[in-house]
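Letter by letter, the chains look like this.
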Amino acid sequence: LRPQDGPACDAIVESLPYHFGMESGREACAAAVRREDGLAALTGGEIAGFLTWRPWYRASREITWMAVHADRRGEGIGRALVEHLAAESGEHTRYLVVTTLSEATPEPGVADGYARTRRFYERNGFEPVWDPEGWWDDANQAVVMVRRLG
């Protein structure tokens with residue numbers, strides 16, 4: 001992922017208005033893809049997905065932002081990004097960490113919501129370990145999910 005990939009990543013975010021419904025989140029994601037370490041998935045010469053990450057201590061990397069274009073979800077792009085991050089994390093990195101919307105936050109009538117996101121992470125080896133209250137806001141509860149490497 002390179003800073004010049006920012007506009008392509010912004011377009012991916014725009015394709016997911018439910019998942020990136022808050023302006024502050026879109027702004028934070030746009031800043032991250034331009035300055036944090038990250039990966040981009042190319043299909044047909046176009047960026048179809050991305051993730052950004054940051055280290056926590058020596059033992060873990062946190063996936064800070066991740067998205068696959070709405071038209072490309074379910075094609076294995078997200079799995080490839082996570083697996084590439086895991087493979088290149090090095091012998092001292094023992095955990096991948098991600099925070100997403102907890103099942104404690106209701107999503108009535110949403111077909112492609114965060115339940116699918118959590119299932120994606122679970123299928124890719126992440127386990128929910130903590131619902132930290134008050135991290136986000138009164139209406140949305142976070143869940144921290146961890147994948148042990150090696």
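Use the structure listed above.
Thresholds applied
Residues numbered from 1 in each chain as written. Predicted model: local features only at pLDDT ≥ 70, side-chain atom pairs only at ≥ 80, totals over all residues. Heavy atoms only, no water. Phe/Tyr/Trp six-rings, centres within 6.5 Å; stacked < 30°, edge-to-face > 60°. Helix = DSSP H or I, 4+ residues; strand = E, 2+ residues; numbered from the N terminus. Buried < 20%, exposed > 50% of the residue type's maximum accessible area, 1.4 Å probe, protein only. Lys NZ or Arg CZ within 6 Å of the ring centre and 35° of its normal. 1 Å grid on protein atoms, 1.4 Å probe; cavity = no way out; pocket = protein on both sides within 12 Å on 5 of 7 lines; lining within 4 Å. Points joined across faces, edges and corners; volume = space filled by probe spheres on them. Nonpolar A, V, L, I, M, F, W, Y, C, P; charged D, E, K, R; others polar.

Enquirer: Sorry, what's going on with the packing of aromatic side chains here?
Expert: For any two aromatic rings, the description comes down to two numbers: the centre-to-centre distance and the angle of the planes. Counting across every chain of the model gives five aromatic pairs. Each ring, one from F20 and one from W65, has its centre 6.0 Å from the other, and the planes form 25 degrees; the classification is stacked. On the criterion of sequence distance, the pair formed by F20 in the loop between α1 (6–14) and α2 (23–35) and W65 in strand β3 (residues 60–68) is long-range, its members being 45 residues apart. Residue classification places F20 among the buried positions, given a relative accessible area of 9%. A ring pair is formed by F120 and Y121, whose centres lie 5.1 Å apart and whose planes are at 70 degrees; its orientation type is edge-to-face. Take F120 and Y121: they sit in the same class, and that class is buried. By the ring-pair criterion, three or more aromatic residues cluster together here, those being F120, Y121 and F126. Positioned over the ring face of W53 is R61, at 3.7 Å from the centre of the ring.

Enquirer: Just to check I follow, could you spell out the layout of surface pockets for this structure?
Expert: Any empty space left between atoms is shown by rolling a water-sized probe over those atoms. Reported here for the largest pocket is a volume of approximately 1,300 Å³. Around the largest pocket sit 40 residues that line it, and H19, W65, T99, T100 and Y114 are the ones nearest its centre. Looking at the lining of the largest pocket element by element, the count peaks at seven residues for β3. In the lining of the largest pocket, the residues fall into 18 nonpolar, 13 polar and nine charged.

Function cannot be read off these values alone, since they describe shape.
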